[in-house]
Amino acid sequence: MSDNTPAPDSEAEPTDGVVGKGQPTPSRKEREAANKRPLVPGDRKVANKEARAKMAEAREKARIGIANGEERYLPERDKGPQKRYVRDYVDARTSIGEFMIPVMFLVIIITFVPDPSTQVIAMLTLWLFFGLAVIDSVILGFLVRKKLRVKFGEDRVERGVRWYAAMRSLQLRVMRLPKPQVKRGHFPK
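A few points on the structure. (Residues numbered from 1 in each chain as written. Predicted model: local features only at pLDDT ≥ 70, side-chain atom pairs only at ≥ 80, totals over all residues. Heavy atoms only, no water.)

This part is about the overall build of the protein. Scanning the protein for helices and strands turns up six helices and zero strands. Written out in order from the N terminus, the α and β elements of the protein read α-α-α-α-α-α. For the protein, the proportion of its 189 residues judged to be buried stands at 24%. Sequence-distant contacts, at least 24 apart, represent 69% of the contacts inside the protein between residues at least 6 apart. Total accessible area on the protein stands at roughly 14,800 Å², and carbon and sulfur atoms take up 61% of it. (Helix = DSSP H or I, 4+ residues; strand = E, 2+ residues; numbered from the N terminus. Buried < 20%, exposed > 50% of the residue type's maximum accessible area, 1.4 Å probe, protein only. Contact = heavy atoms within 4.5 Å. Areas by Shrake-Rupley, 256 points an atom, 1.4 Å probe, with all protein chains shown as cover.)

Here it is as C-alpha cells:
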C-alpha cells in the first residue's frame, strides 16, 4: 500500500458512496451537442413575433432615451458636453426662428385672400421674418461660440456648433429632439 491512501480502519469521513462530482465528465461530442442551437427555430411565426416585440421594445427604449437626452441613445451629432451646453443655451432663449413655421402657415392662409395687395404684404412680411431669423441665428452662433470658448477653452471648441445651434433655434420648441431639459430663461452656467 502507498502512503497516500488512507487505511480502511482509519477514521475517514463517510462519502455516502459518491466519489468526485457524482457524474462522469461529458465527452466533447456531448458538450458540443448541448451548445448547438438550431439556425432556424422550430416555429418561425412565434420566433418572428418575439423578435419584432424585442425590437419594438428596444426602439421604444431608445426613443424615450433620445427624448430625455440620455447620452448613450443620442445620435453622434448630439453627443458630448459641448452639444449639451449648446442645446441648453438654445432652449433657454426665445429665438425668432421658432416662430417661422407658424408664420409660414399664416402666410399660406393669407394668400387665399383674393386681394393682391394683401398677398404681397403677406409675402413681404414672410421674407422680412425670414431675414430676421437668419440674423438671429448668426448672432446666436457667435454667442454660443464665445460662451463655449470661455467654458471649454479657446482651442477646444468643436466644429459645427454654430450650425447646430442655428438649426435647433429654427425648430419649434415642442418639436425639438432631444427635448428641452431647461426652462426658458435658465441659461447654463
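Let's shift gears to the packing of aromatic side chains. The full count for this structure, using the stated rule, is three aromatic pairs. Summarising the aromatic geometry, the rings of Tyr89 and Phe187 are spaced 5.2 Å apart at their centres and angled 50 degrees between planes, so their arrangement reads as tilted. Note that Tyr89 is positioned in helix H3 (residues 81-92) and Phe187 in the segment after helix H6 (161-169), a separation of 98 residues in sequence. Residue classification places Tyr89 among the buried residues on the basis of a relative accessible area of 8%. For Phe187, a relative accessible area of 40% gives the class partly exposed. The aromatic ring of Tyr164 is capped on one face by Lys83, whose charged end is 4.9 Å from the ring centroid. (Phe/Tyr/Trp six-rings, centres within 6.5 Å; stacked < 30°, edge-to-face > 60°. Lys NZ or Arg CZ within 6 Å of the ring centre and 35° of its normal.)

It is worth spelling out a nonpolar patch on the surface at this point. On the surface, Ile96, Leu128, Leu132, Ile135, Ile139 and Leu143 cluster together into a nonpolar patch covering about 500 Å² of accessible area. Within the fold, Leu128 resides in helix H5 (residues 116-152). The exposed category is assigned to Leu128, whose relative accessible area is 55%. (Patch = residues over 30% accessible without salt bridge, like charges linked within 9 Å, V, L, I, M, F, W, Y side chains within 5 Å. Salt bridge = Lys/Arg side-chain N within 4 Å of Asp/Glu carboxyl O.)

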